[in-house]
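For reference, the chains in residue letters:
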Amino acid sequence: MNPLRVWRALRRQGVLGINGRNADYTLRWNPRRCYPNVDDKLRTKELCRQAGIPTPQLLAVARHHFELRKLGPELARLFDFVLKPAHGAMGNGILVVRGREGERFLAAGGRSVALGDLLYHAAGIISGLYAIGGQPDAAMVEERLVVHPELAAIATDGVPDVRVVVYRGVPAMAMTRLPTSRSGGRANIHQGAVAAGIDLVSGRTTHAIQQSRPIATHPDSGEPLLGREIPGFKDLLSIAVRAADVTGLGYVGADLVVDARRGPVLLEMNARPGLMVQLANRGGLLPRLRAVDRSWQPDLGVDERLALGVRIAGALVDLRDAA
């Protein structure tokens, strides 16, 4: 295919490219001093706690290798949990423990590990093995979230999440990432998870891809992917907007989970959100971001910004469908 024709087609669809994202959005709207608010998950969690935003419960932390001696007994008392790096990215270094079998722990995928294996993994985290830039990190232990019953049929061996792109405090686009056997139970698109775009108006999935190819059913269960209502979607959008406010960043991705017991909770924030959300929604971000610029006012409250984002998304989808 002619590259020039592809470029022109992407321009017509309003697709935001990586250079445009960096130059016009992340560099312009994300002050460098605020990056630690999202790159450090412990700091994000504390900011959310102060703002009353729900996050997974923090069970333990080890910031130095000598603290592993204290972490061991704390892990030994737990039945299920998530061990993860505070400065990780793309799901690297996350170890999910789903239960116990005597003295051993059952990790995602059915692997049985000993306490020593967990502490070895935590030592790697502290050494910066999974951290952005390889700097020394902290190993954090969180409660394990449980997949919501309404999403269980379209998630294999893991918990789906919802990514909301928030621009200038307005929700612009959203998708859900659904774990598969190919992704090893992780909600990571690049490792084989399914991405399904979500209509901001109805909260229902509209289009889905795996490995950049459209699909209509979940590759493992065969369950339909389109037209599914995301439970608690309005609350998810509200949490995403409020979390973006406390970070001080103007262009962010908020990752959330609908936990079966607690409902929507914020998992983490991303100052450099990827662009696959456009493919999942079969539409470009630029028309929505530009519409936000045209309508944005400094005194808009959370509810007004939520309504603005929904209104913009609805109008642009109507235009696309009418074309």
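In this model, helix H7 (residues 233-247) (15 residues) spans 21 Å end to end at C-alpha, consistent with the 21 Å of a helix rising 1.5 Å per residue. Those residues of H7 that fall on the buried side of the exposure criterion are Phe 233, Leu 236, Leu 237, Ser 238, Ile 239, Ala 240, Val 241, Ala 243, Ala 244 and Thr 247. Of the residues one or two after H7, Gly 248 is the one with positive phi, at around 80 degrees.

Our focus in this paragraph is the sheet that holds strand S6 (residues 139-142). With antiparallel pairing, 6 strands are arranged side by side in an open sheet as S1-S6-S2-S3-S4-S5. Each having just a single partner strand, strand S1 (58-62) and strand S5 (112-113) make up the two edges of the open sheet. Examined bridge by bridge, strand S3 (residues 95-101) and strand S4 (residues 104-107) share 4 bridges and lie antiparallel to one another. Looking at the pairing, Val 97 lines up with Ala 107 of S4. Lying on the sheet, helix H4 (residues 41-51) is in contact with S1, strand S2 (81-85) and S6; it crosses S6 at an angle near 45 degrees. Against the sheet, helix H5 (residues 68-76) contacts S1, S2, S3, S4 and S6, and its axis sits at roughly 155 degrees relative to S1.

This part is about the sheet that holds strand S8 (residues 170-178). Within a beta sheet, neighbouring strands are joined by backbone hydrogen bonds and run either parallel or antiparallel to one another. Judged by pairing direction, the sheet is antiparallel, and its 7 strands sit side by side in the order S11-S10-S9-S8-S7-S12-S13 without closing on themselves. Taken across any chain shown, the strands that pair with only one partner, and hence form the sheet edges, are strand S11 (213-214) and strand S13 (263-270). Where strand S7 (residues 161-167) meets S8, 7 bridges bridge the pair, whose relative direction is antiparallel. Note that in S8 the partner of Tyr 167 across the bridge is Val 170. Contacting S7 and strand S12 (251-259), helix H2 (residues 18-29) crosses the sheet at an angle of about 80 degrees to S12.

Attention now goes to the packing of aromatic side chains. Enumeration over the complete set of coordinates arrives at 5 aromatic pairs. Ring geometry for Tyr 25 versus Tyr 167: centroids 5.3 Å apart, planes at 75 degrees, classification edge-to-face. Residue Tyr 25 is found in helix H2, and its partner Tyr 167 is found in strand S7; the two are separated by 142 residues along the sequence. Across the pair, exposure class does not vary: Tyr 25 and Tyr 167 are buried alike. Taking 6.0 Å as the distance between ring centres and 85 degrees as the angle between the ring planes, the aromatic pair formed by Trp 29 and Tyr 167 counts as edge-to-face. One end of the pair, Trp 29, is in helix H2; the other, Tyr 167, is in strand S7, and 138 residues separate them in sequence. The buried category is assigned to Tyr 167, whose relative accessible area is 0%. Among the aromatic residues, those joined into a cluster by ring pairs are Tyr 25, Trp 29, Tyr 167 and Tyr 251. The lysine or arginine in question, Arg 32, covers the ring of Tyr 35, its NZ or CZ lying 4.5 Å from the ring centre. Of note, Arg 168 hangs over the ring of Trp 296, and the distance from its end group to the ring centre comes to 4.3 Å.

Leave glycine aside and you will find that most residues have negative phi; peptide bonds, for their part, are mostly trans. Its identity as a non-glycine residue notwithstanding, Arg 168 has a phi of 50 degrees, on the positive side. Position of Arg 168 relative to the elements: it lies in the loop between S7 and S8. A positive phi angle, near 55 degrees, is found at Gln 211, a position not held by glycine. If you trace the backbone, Gln 211 turns up in the loop between strand S10 (205-210) and S11. Overall, the relative accessible area of 33% leaves Gln 211 in the partly exposed class.

Okay, the confidence of the model for the chain next. Any residue range with low pLDDT should be treated as having predicted coordinates unsuitable for detailed reading. With 98% of its residues at a pLDDT of 70 or more, the chain shows a mean pLDDT of 93. Averaged pLDDT values for the elements of the chain fall to 75 in helix H1 (residues 3-13) and rise to 98 in S7.

For the rest of this paragraph, the subject is the packing of H5 against helix H6 (residues 115-126). Packing of H5 against H6 leaves a shortest axis separation of 10 Å and a crossing angle of 135 degrees. Considering the angle they form, H5 stands oblique to H6. Judged by the sense of rotation from one axis to the other, the crossing of H5 with H6 is right-handed. Between H5 and H6, the contacting residues are Leu 68, Leu 71, Gly 72, Leu 75 and Ala 76 on the first element and Leu 115, Leu 118, Leu 119, Ala 122, Ala 123 and Ile 126 on the second. Of the residues contributing to the contact of H5 with H6, the split by class is 10 nonpolar, 1 polar and no charged.

Across 3 bridges, S2 lies against S3 in antiparallel orientation. Residue Val 82 lies in a different strand from S3, and its bridge partner there is Val 96. Hairpin connection of S3 to S4: 2 residues between the antiparallel strands, including Gly 102 at a positive phi of 70 degrees.

Analysis parameters
- Residues numbered from 1 in each chain as written.
- Predicted model: local features only at pLDDT ≥ 70, side-chain atom pairs only at ≥ 80, totals over all residues.
- Heavy atoms only, no water.
- Helix = DSSP H or I, 4+ residues; strand = E, 2+ residues; numbered from the N terminus.
- Expected span 1.5 Å × (residues − 1).
- Buried < 20%, exposed > 50% of the residue type's maximum accessible area, 1.4 Å probe, protein only.
- Pairing = 2+ DSSP bridges.
- Contact = heavy atoms within 4.5 Å.
- Axes fitted to C-alpha atoms, helices over the stretch in contact; angles between N-to-C directions.
- Phe/Tyr/Trp six-rings, centres within 6.5 Å; stacked < 30°, edge-to-face > 60°.
- Lys NZ or Arg CZ within 6 Å of the ring centre and 35° of its normal.
- pLDDT = per-residue confidence, 0-100.
- Parallel < 35°, antiparallel > 145°, perpendicular 65-115°, else oblique.
- Left-handed = near helix turned anticlockwise from the far one by under 90°.
- Nonpolar A, V, L, I, M, F, W, Y, C, P; charged D, E, K, R; others polar.

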